[in-house]
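These are the residues of each chain, in order.
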Amino acid sequence: MSTVPDATAARPQPRPPVRAAAPYMNPYLAGIGLGLVLLAAYVFMGRGLGASGAVTSFVAWAVSLVAPGHASANPFFAEYLEGGLGHPLKTWLMFEVLGVLAGGFISGALAHRLSRTVEKGPRISVAGRLGFAFAGGALMGIGAKLARGCTSGQALSGGAVLNAGSWAFMMMVFAGAYALAGLMRRQWR
Amino acid sequence: MNAPFYKFAAFGDEASLVIAFVIGIGFGFFLERGGFGSARKLTSQFYLDDLAVFKVMFTAIVTAMLGVFYLSWLGIMDLSLVDLVTTNLWPQIVGGLVLGFGFVIGGYCPGTSLVAAVTGRVDGMIFILGLLAGIFVFGEAFPFLKGFYESGDFGKLTLPQAFHLPYGLVVFLVVLMALGGFMGTGWVERRFAPRPEES
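Draft legend 1. Main features of the overall build of chain B. The secondary structure content of chain B amounts to 8 helices and 2 strands. When the helices and strands of chain B are placed in sequence order, the string is α-α-α-β-α-α-α-β-α-α. With respect to the principal axes defined by its C-alpha atoms, chain B has extents near 60 × 45 × 35 Å. Evaluated residue by residue, chain B yields a buried proportion of 48% over its 199 residues. The contacts of chain B with a sequence gap of at least 6 include a subset with a gap of at least 24, amounting to 66%.

Draft legend 2. The overall build of chain A, seen in detail. Across its full length, chain A holds 10 helices and 0 strands. Reading the helices (α) and strands (β) of chain A from amino to carboxyl end gives α-α-α-α-α-α-α-α-α-α. At 23 Å, chain A has a C-alpha radius of gyration far larger than the 16 Å of a compact globule built from 189 residues. Overall, the C-alpha framework of chain A stretches about 90 × 40 × 35 Å when taken along its three principal axes.

Draft legend 3. Spatial organisation of the interface of chain A and chain B. Listed as interface residues are 105 residues of chain A and, on the opposing side, 107 residues of chain B. For the side of chain A that touches chain B, the secondary structure elements donating two or more residues are α2 (27-45), α3 (52-66), α5 (75-81), α6 (92-110), α7 (126-146), α8 (151-160) and α9 (164-181) of chain A.

Draft legend 4. Focus on the environment of A:Arg148. Here A:Arg148 shows up in the loop between α7 and α8. We classify A:Arg148 as buried; it has 22 C-beta atoms within 10 Å. Counting along the chain gives 110 residues from A:Arg148 to A:Leu38, while the straight-line C-alpha distance between them is 18 Å. Setting aside its immediate chain neighbours within four residues, A:Arg148 contacts A:Gln154, B:Val85, B:Asn88 and B:Gln92.

Draft legend 5. Representation of unusual backbone geometry in the model. Each neighbour pair has its own omega, and for B:Ala3 with B:Pro4 the value is -5 degrees, a cis peptide bond. Phi is positive for A:Arg148, which is not a glycine, with a value near 65 degrees. Located in the positive-phi region is A:Leu162, a residue other than glycine, with phi close to 60 degrees. Locating A:Leu162 in the fold gives a position in the loop between α8 and α9. Judged by local crowding, A:Leu162 falls into the buried class, with 24 C-beta atoms found within 10 Å.

Draft legend 6. Molecular detail of the confidence of the model for chain B. Here chain B averages 95 in pLDDT, and 97% of its residues register 70 or above. Taken over the whole predicted complex, pTM reads 0.92, whereas the ipTM for its chain interfaces reads 0.95.

Draft legend 7. Expanded view of the environment of B:Leu84. In this structure, B:Leu84 sits in the loop between α3 (52-73) and β1 (87-88). In this view, B:Leu84 contacts A:Val161, A:Asn163 and B:Lys156; residues no more than four positions away in its chain are not counted.

Draft legend 8. Region of the structure containing helix α4 (residues 89-106) of chain B. Residues and elements named next belong to chain B. Compared with an ideal rise of 1.5 Å per residue, which puts 18 residues at 26 Å, α4 spans 25 Å between its outermost C-alpha atoms and is within 8% of the ideal. Of all 18 residues that make up α4, 15 are buried, and the element is covered over most of its length. Following α4 by one or two positions, Gly 107 has its phi on the positive side, about 90 degrees.

Draft legend 9. Focus on the nonpolar core. Core analysis: the largest hydrophobic core is formed by 115 residues, its most contacted members being A:Leu38, B:Ile61, B:Ala64, B:Met65 and B:Val68. For this core, the element with the highest residue contribution is α3(B), accounting for 13 residues. In contact with B:Ala64, other than residues within four places in its own chain, are A:Gly35, A:Leu38, A:Leu39, A:Tyr42 and A:Ala160.

Draft legend 10. Local environment of the packing of α4(B) against helix α6 (residues 122-149) of chain B. Residues and elements named next belong to chain B. Between α4 and α6, the shortest axis-to-axis distance is 14 Å and the interhelical angle comes to 160 degrees. Taken together, α4 and α6 sit at an angle that is classed as roughly antiparallel. Two packed elements cross with a definite hand, and for α4 against α6 that hand is right-handed. Between α4 and α6, the contacting residues are Trp 90, Pro 91 and Gly 106 on the first element and Phe 127, Gly 130, Phe 148 and Tyr 149 on the second. Of the residues assigned to the contact of α4 with α6, the class counts are 5 nonpolar, 2 polar and no charged.

Draft legend 11. Looking closely at the packing of helix α1 (residues 13-33) of chain B against helix α5 (residues 110-118) of chain B. Residue and element names in this part refer to chain B. Look at α1 against α5: their axes get within 10 Å of each other, and the N-to-C directions meet at 80 degrees. The angle between α1 and α5 falls in the class roughly perpendicular. Counted together, Gly 28, Leu 31 and Glu 32 of α1 and Gly 111, Thr 112 and Val 115 of α5 form the full contact between these two elements. Taken together, the residues of the contact of α1 with α5 sort by class into 2 nonpolar, 3 polar and 1 charged.

Draft legend 12. Structural view of α7(A). Given a rise of 1.5 Å per residue, 21 residues ought to cover 30 Å, and the 30 Å separating the end C-alpha atoms of α7(A) matches this to within 8%. Here α7(A) lies mainly inside the structure; 16 of its 21 residues are buried.

Draft legend 13. Structural view of the environment of A:Ser52. Here A:Ser52 lies in helix α3. In the structure, A:Ser52 is positioned 79 residues away from A:Gly131 in sequence and 21 Å away in space, judged by C-alpha atoms. The residues touching A:Ser52, leaving out its near neighbours within four places in the chain, are A:Ala144, A:Gly149, A:Cys150, A:Gly153 and B:Pro110.

Conventions we followed
- Residues numbered from 1 in each chain as written.
- Chains lettered and ligands numbered in written order.
- Predicted model: local features only at pLDDT ≥ 70, side-chain atom pairs only at ≥ 80, totals over all residues.
- Helix = DSSP H or I, 4+ residues; strand = E, 2+ residues; numbered from the N terminus.
- Buried ≥ 20, exposed ≤ 12 C-beta atoms within 10 Å, placed from the backbone.
- Contact = placed C-beta atoms within 7 Å.
- Rg over C-alpha atoms; globule rule 2.2 N^0.38 Å.
- pLDDT = per-residue confidence, 0-100.
- Expected span 1.5 Å × (residues − 1).
- Core = buried A, V, L, I, M, F, W, Y, C linked by C-beta atoms within 7 Å.
- Axes fitted to C-alpha atoms, helices over the stretch in contact; angles between N-to-C directions.
- Parallel < 35°, antiparallel > 145°, perpendicular 65-115°, else oblique.
- Left-handed = near helix turned anticlockwise from the far one by under 90°.
- Nonpolar A, V, L, I, M, F, W, Y, C, P; charged D, E, K, R; others polar.

If you want it as C-alpha cells, here you go:
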C-alpha cells in the first residue's frame, strides 16, 4: 500500500465559486442586440424606447392618490394622468418598463449576476454611496423632465432617427458627466 | 405590409401593450448583458478605461438608424409616421447637463437603474427613489418652469432639416463618426488603463 498521497488530494484544484458571474457580452454584440430591439419598436409602434416616462406616470398617479385636486390642477401631472388607456398606469411605457425589469432579471439570472450588493469604489462608505445614488437620481429626474426624455427616450431613440434636440441633449449629457467626473472620483475609483 | 404597423392599425391598443412588454424584455436583457446593471461599469466611461457605454450606445444607434433608413428607402416604412419629440433647444441643453451630473453622481440613468435594482443592486434601488423625488419636485415646480420648458422651440426637427443636408448623407456621416470613435476606443482605454498599484 502506497502512503504517497495522491496528487489531487495534496494539491486541491482551486474550484471556482459555484455561481461565478459570467463575463459581460461583447459591447458591439450587445449594441447590435439593443439596436435591433429599438428598430423593432420603430417598426411595430413607430416610437422609440423609454424609461423616465413610465416613472413620471407613476409619480403623477401617486400624487393623484394623495391629493387628487392638486394633481389635476398641475398641467404637468394632469398630462400624465390623462395619458393612459383608461388608467394613468396603463401606458405603453409602463408595460415596456415591466418588460425591462423582467429582461434584466432573466439576463442577470442566466449569467449568475443576481446579488444584493452596493456598486461603489473602495474609498467610499456604503452610506455615502447610497446618499450619492439618491442625489444623482433626483438630479437625473429633474434633468430628464427638462429635456423631455432620458438616455433611453432621447439619446438612444431620438439619436437613431436623427432628432436634432436628441443629439444636442446627448452631447450635453457627456459634457456634464465628464465635467463632474474629477470631483466624483472618490466614489468610483 | 406597411410599417410602423401600429400606425397602420395592424393591431390595437391592447395588443400594443403586449408588444411593449416583449420589447421591454429585449431592452432590459441587452442592457444587463452589456454590463449596464453595474454603476462601476457605467461610470468607467467617465474615467476612460472602459468605454463600453460609448460602444454599446453608438452601435445601437447606428444599427437602429440604418434599419429605419433602409426600411424607409425600400418603401416599407413611412418615416413621417415615426414619433419625434419636439426640439426645445434650451431646456434640452440644460436638462442634458443636469442629467449628465446626475449620471456620474448617481451612477445610473433611469433605464439602467431599473436593471440594477432588479438584479439586487441596493444603490440602484435608492437611485430610483431619488428619481421619483426629482420628478416630483420638477412636477411641483412646473408652473414656475413652464416658460423655460417651452423655450427654444424648433418644433419637430431632424439633423438633416437643421443643416439642410440629405437624410442619407447624415446617416453616412453618423456611421463614419461612430466607426472613427470605435477605432479610437482601444487607444483611449490603453492610455487610461489603471496602473497595477492603483487597482
